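Architecture and fold: a report
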Number of protein chains: 2
Amino acid sequence: MEAAARTNQNVGVTSWCPLFQNLKDKAAKLGKKLKKIGKDDPRRILHSFKAGLAISLISIFYYVNPLFTSLGSSSTMWAVLTVVVVMEFTAGGTLSKGINRTFATLLAGALGLAAQRLAALSSHSAGEPILLSVFVFLLAAMATFSRFVPEIKARYDYGVTIFILTFSMVAVSGYREEELIKLALQRLSTIAIGVATCVAISIFVFPVWAGEDLHNLLPANIDKLACFLEGLEREYFGEKMGSGQILEEASFLISTYKPVLNSKPTEDLLANFARWEPGHGCFGFCHPWKLYLKVGALTRQCAYSMEAISSHISTNKNSKVITDTEFREMIRIACAEMSSKTGKALAELATAIRQMRTPSTAAAQHLSNATTASESLKTLSPAKDASLPEILQSATTAFLLSEVVKSAHHLATAVEELSRVAHSKRAQEHAHKDSAVKPVAGCETPPHVVVEIEK
Amino acid sequence: MEAAARTNQNVGVTSWCPLFQNLKDKAAKLGKKLKKIGKDDPRRILHSFKAGLAISLISIFYYVNPLFTSLGSSSTMWAVLTVVVVMEFTAGGTLSKGINRTFATLLAGALGLAAQRLAALSSHSAGEPILLSVFVFLLAAMATFSRFVPEIKARYDYGVTIFILTFSMVAVSGYREEELIKLALQRLSTIAIGVATCVAISIFVFPVWAGEDLHNLLPANIDKLACFLEGLEREYFGEKMGSGQILEEASFLISTYKPVLNSKPTEDLLANFARWEPGHGCFGFCHPWKLYLKVGALTRQCAYSMEAISSHISTNKNSKVITDTEFREMIRIACAEMSSKTGKALAELATAIRQMRTPSTAAAQHLSNATTASESLKTLSPAKDASLPEILQSATTAFLLSEVVKSAHHLATAVEELSRVAHSKRAQEHAHKDSAVKPVAGCETPPHVVVEIEK
């Protein structure tokens, strides 16, 4: 008996201990994760405090009596609701949602009132609710369908939701409440107060600009590609090329460009928000965000070729083929030249975007050298007795690299176009404003030099 | 004078006419676009009507008096709000938002009440609002920060918004309203009614299942790749290979696989929603949606290699190099074999996913033939006097195709794993349920055959 009881007790202790340990481990893991998230981008912590601040500010409406009584209890709720829903990480996101919310409320409120008046004309007592239901049904169905249009989905999705919501509420509640217009104005003013609070905090308290994020994301991505190419040159086309160990080390390279492959949704979202942002720093209101998307697409094009290179490298890591060394050496030199020069050109393009200037002649020079190296492959001849796989293994990387060189040329042209358009936009804005506007620190541009890039 | 007036009039007419014409053109264009959107997926039209129906149903609460008085005017508003916000295109989306909303409201309501009681303990009269503001600030900041955790962002983002909203409202309004618990219960019940309405309409009226969409999207994407390969064989490696005209015609191929490159966000979203859906049709509750994402990633991997092929084709469209024809003919035959067989294998994989069965031995046979063709390249030797670009131009496509063959092998393994896991999940579910469950029409599976795929 006693022994059995002791065993039971032991079982109890041993079955609880791991559970507790497990929970402790999980909590520690979560803590580490949260810490990393904050460390990766400290603006996230700031944003959390900003959101807390906005909601606390709005809750003051409840405590300060005169304001509260003038706006009414149920309406003040709408200010809280607005703040919670509208506050976004980037200023552009907040502006987009805030403007969508305000205009959708206005439009839908007016339409709702009209629908309600129209329904009131019905002489039959049951006619009014039936007519209103039909209006609500039709409008909700049409608005819901409009969300399938990609352009509306991208820019006005939130506005359409609010439109349906407000129209239904006004049309339906109008049947009950007599002082509808007074109520509508109250609600609109609380929503305006909520939106204004969010927008003010987003823009004036440590603002996070979507445009700036996009402007930083592109060069960061191009730098990743440059890093891949420079690492490739160092580890794979260095003097010790072909030894298995080096290839193992080079496998870290495979991951550098990977995030670029799937960067499209982030870029689209940031560009979409950036359009709503007022001019700030180096960016005018009409900054050519669309061209950023073009540069982003061409960056991905480069990354696709790199994906093929890295897959080629990892495939041939273990196959040992005895080759004619002279031929291979020639290819190695050409590849080293192509990857090193293209890497340098990409790094220069990234810097040019970052500093908002025309790419220097150095970038064009590097690319032209890379093209020369790529052309030099055409004059090579393999040894007489070389078999196809021998040639293929050495030469395919060379071909894929020359594809990267071509993509880099297209990218350079797009970056040049971006800088040209951004310049002229800024020149226009400066002409509109006071002509004595000082250049913003950190984004001075050198005299405009048009660089002819050889194709 | 008169002449001038006439000129002005003319200007007026001519400047209005194009404006009117312009508007007319735009309206016609929009109409065409809307028609196309509806034609592409008629479920969109149905969804719009479903959304209208849900809101009209909820608005009945306003017209049916007994219900209205028992729930209270302001609370009934919450039912309308819930329906507008929760109703999504797919059943999984609606369920995800509905469950998020209900549980977040419950949890935040309870916490809000607790915070309010805690603040009421404060003896000082100014203490209560200050304490409440601090609570709201802290909770809103913490909850906002939690949204940066990718897992929470993906699955519970909407829940966190509702959590902040409800907590702020309960904590803050508690300072004003005495009958808080009664109010909270009323609001919860209206939200529950709204969620139940949406969920019922989403699931029982022409349901759109995210899982089914994902299940159809993958084979459609794989078919696009198969179509590219089969077209490549027909147009590019046919007997007439090398003639410029054929290449021009083949350029239509370039666009077939393009949408696959950026399919990741759609797949992620659908898989995320599919997890919330109850078992339906051939899909159990624990259907292995994660494996679908794996298959999707490997499909994209194939598409990246095709991107390299199509870029190679378009680059060399205009360059004419005189080659040794025998060597080129050998390569052409190998390429034709690789693309045709891999295309057939991919088509079979797509059908296998669609019909939820293990890929047939034919797929493995096709892939094995493609591999044989790829291996045969190793024995080829170019003519003695061939220069590198000549060899490269013919041979690089061959190499890139052999990369596609390799990716297809990986894809076949993943599809096989998917079908195996889906089978065992379904077997488990059948064991749980009545053992005499009839197989669902359209998804019968042949006896389980394990196909060894050569690597």
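Residues numbered from 1 in each chain as written. Chains lettered and ligands numbered in written order. Predicted model: local features only at pLDDT ≥ 70, side-chain atom pairs only at ≥ 80, totals over all residues. Heavy atoms only, no water.

As annotated in an unreviewed UniProt entry, chain A carries the name Aluminum-activated malate transporter and comes from Dendrobium nobile. Chain A has a UniProt comment under Sequence similarities (unreviewed entry) that states "Belongs to the aromatic acid exporter (TC 2.A.85) family." (UniProt positions renumbered as here; feature names shortened; annotations may be inferred.)

This part takes up the overall build of chain A. Along the backbone of chain A there are 16 helices and zero strands. Here chain A holds 455 residues, and the buried ones make up 51% of them. Residue pairs at least 24 apart in sequence account for 81% of intrachain contacts in chain A once pairs closer than 6 positions are excluded. Put simply, chain A shows about 21,600 Å² of open surface, and 63% of that area lies on carbon and sulfur atoms. (Helix = DSSP H or I, 4+ residues; strand = E, 2+ residues; numbered from the N terminus. Buried < 20%, exposed > 50% of the residue type's maximum accessible area, 1.4 Å probe, protein only. Contact = heavy atoms within 4.5 Å. Areas by Shrake-Rupley, 256 points an atom, 1.4 Å probe, with all protein chains shown as cover.)

This next bit is on the environment of Ser48(B). Structurally, the position occupied by Ser48(B) is in helix H2 (residues 43–63). We classify Ser48(B) as buried; its relative accessible area is 4%. Along the sequence, Ser48(B) and Phe89(B) sit 41 residues apart, while their C-alpha atoms lie 8.7 Å from each other. Those residues in contact with Ser48(B), other than ones at most four positions away along the chain, are Ala141(A), Thr144(A), Phe145(A) and Phe148(A). Polar side-chain contacts of Ser48(B) include one of 3.4 Å to the backbone nitrogen of Phe145(A). (Polar contact = N/O pair within 3.5 Å; in protein donor to acceptor, adjacent residues only side chain to side chain.)

Residue and element names in this part refer to chain A. Inspection of every chain in the model, using the stated rule, returns 32 salt bridges over all chains. With a closest N to O distance of 3.1 Å, Glu348 and Arg357 form a salt bridge. For Arg357, a relative accessible area of 14% translates into the label buried. When salt bridges with common partners are traced through the structure, they connect Asp41, Arg43 and Asp213 into a single cluster. (Salt bridge = Lys/Arg side-chain N within 4 Å of Asp/Glu carboxyl O.)

All names here are of chain A. What UniProt calls "transmembrane region" (unreviewed entry) maps, in this numbering, to residues 45–64, 76–96, 130–149, 156–176 and 188–209. The distance from the first to the last C-alpha atom of residues 130–149 is 30 Å, and the span holds 85% helix and 0% strand. As a span, residues 188–209 carries 77% helix and 0% strand, and end to end its C-alpha atoms are 27 Å apart.

Located in the positive-phi region is Phe206(A), a residue other than glycine, with phi close to 40°. Mapped onto the secondary structure, Phe206(A) falls in the loop between helix H8 (180–204) and helix H9 (210–235). The phi angle at Met356(B) is positive, at roughly 55°, despite the residue not being glycine. By secondary structure assignment, the location of Met356(B) is in the loop between helix H14 (325–354) and helix H15 (361–376).

A few words on the packing of aromatic side chains. Under the counting rule described, the total for this entry stands at 15 aromatic pairs over all chains. With 5.3 Å between their ring centres and 75° between their planes, Phe148(A) and Phe89(B) make a pair best called edge-to-face. Taken together, the residues Phe148(A) in the loop between helix H6 (127–146) and helix H7 (150–173) and Phe89(B) in the loop between helix H4 (73–86) and helix H5 (91–120) connect one chain to another. Ring centres 5.1 Å apart and planes at 40° place the aromatic pair Trp289(B) and Tyr292(B) in the tilted group. Of this pair, Trp289(B) and Tyr292(B) both sit in helix H13 (residues 289–315), three residues apart, which is roughly one turn of the helix. With a relative accessible area of 3%, Trp289(B) lands in the buried category. (Phe/Tyr/Trp six-rings, centres within 6.5 Å; stacked < 30°, edge-to-face > 60°.)

Residues and elements named next belong to chain B. Packing of H5 against helix H8 (residues 180–204) brings their axes to within 9 Å, and their N-to-C directions diverge by 175°. Looking at the two axes, H5 sits roughly antiparallel to H8. Only Leu180, Ile181, Leu188, Ile191, Val195, Cys198, Val199, Ser202 and Ile203 of H8 make contact with H5, whose side of the interface consists of Ala91, Thr94, Leu95, Gly98, Arg101, Thr102, Thr105, Leu106, Leu113, Gln116 and Arg117. Looking at side-chain class alone, the contact of H5 with H8 contains 12 nonpolar, six polar and two charged residues. (Axes fitted to C-alpha atoms, helices over the stretch in contact; angles between N-to-C directions. Parallel < 35°, antiparallel > 145°, perpendicular 65-115°, else oblique. Nonpolar A, V, L, I, M, F, W, Y, C, P; charged D, E, K, R; others polar.)

Glancing now at a nonpolar patch on the surface. Residues and elements named next belong to chain A. On the surface, Ile130, Val134, Leu138 and Met142 cluster together into a nonpolar patch covering about 390 Å² of accessible area. Tracing the backbone through its elements, the reader meets Met142 in helix H6. In this structure Met142 comes out as exposed when scored by relative accessible area, which is 55%. (Patch = residues over 30% accessible without salt bridge, like charges linked within 9 Å, V, L, I, M, F, W, Y side chains within 5 Å.)

All names here are of chain A. For the pair helix H5 (residues 91–120) and H6, the least separation of the axes is 8 Å and the interaxial angle reads 145°. Handedness of the crossing formed by H5 with H6: right-handed. Residue-level inspection shows Ala115, Gln116, Leu118, Ala119 and Ala120 of H5 in contact with H6, the latter providing Glu128, Leu131, Leu132 and Phe135. A per-class count over the contact of H5 with H6 returns seven nonpolar, one polar and one charged. (Left-handed = near helix turned anticlockwise from the far one by under 90°.)

Another aspect to go through is the nonpolar core. Most often, soluble globular proteins keep nonpolar side chains buried together rather than apart. Counting 124 residues, the largest nonpolar core has Val295(A), Leu346(A), Leu232(B), Val295(B) and Leu346(B) as the members making the most contacts within it. Leaving out residues up to four positions away in the same chain, Val295(A) has contacts with Leu218(A), Ile222(A), Ile353(A), Leu411(A), Ala414(A), Val415(A) and Leu418(A). Membership of the second largest hydrophobic core comes to 88 residues, among which are Val80(A), Ile203(A), Leu165(B) and Ala171(B). (Core = buried A, V, L, I, M, F, W, Y, C linked by side-chain atoms within 4.5 Å.)

Turning next to the side chain of Thr105(B). Residues and elements named next belong to chain B. The topology assignment puts Thr105 in helix H5. By relative accessible area, which is 8% here, Thr105 ends up buried. Apart from the residues lying within four places of it in its own chain, the contact partners of Thr105 are Ile162, Thr166, Leu188 and Ile191.

This part takes up the confidence of the model for chain A. Residue and element names in this part refer to chain A. On average, residues of chain A score 80 in pLDDT, and 76% of them reach the 70 mark or higher. Confidence, read as mean pLDDT per element, is least for helix H10 (residues 244–250) in chain A (49) and greatest for helix H12 (residues 264–274) (92). When the criterion is pLDDT under 50, residues 241–246 qualifies, and its contacts beyond four places in sequence or with other chains add up to five contacts. Contacts from residues 434–455, a stretch scored under 50 in pLDDT, to residues over four places away or in other chains number 29 contacts. On the interface metric, ipTM, the complex scores 0.81, and its pTM is 0.82. (pLDDT = per-residue confidence, 0-100.)

All names here are of chain A. Considering the arrangement of structural elements, one finds Asp213 in helix H9. We classify Asp213 as buried; its relative accessible area is 17%. Ignoring any residue separated from it by four or fewer positions in sequence, one finds Asp213 in contact with Arg43, Val208 and Leu270. Among the polar contacts made by the side chain of Asp213, one reaches the side chain of Arg43 at a distance of 2.9 Å.

A word on H8(A). Between its terminal C-alpha atoms H8(A) stretches 35 Å, which fits the 36 Å expected from 25 residues at 1.5 Å a residue. Positive phi shows up at Phe206(A), right after H8(A), with a value of about 40°. (Expected span 1.5 Å × (residues − 1).)

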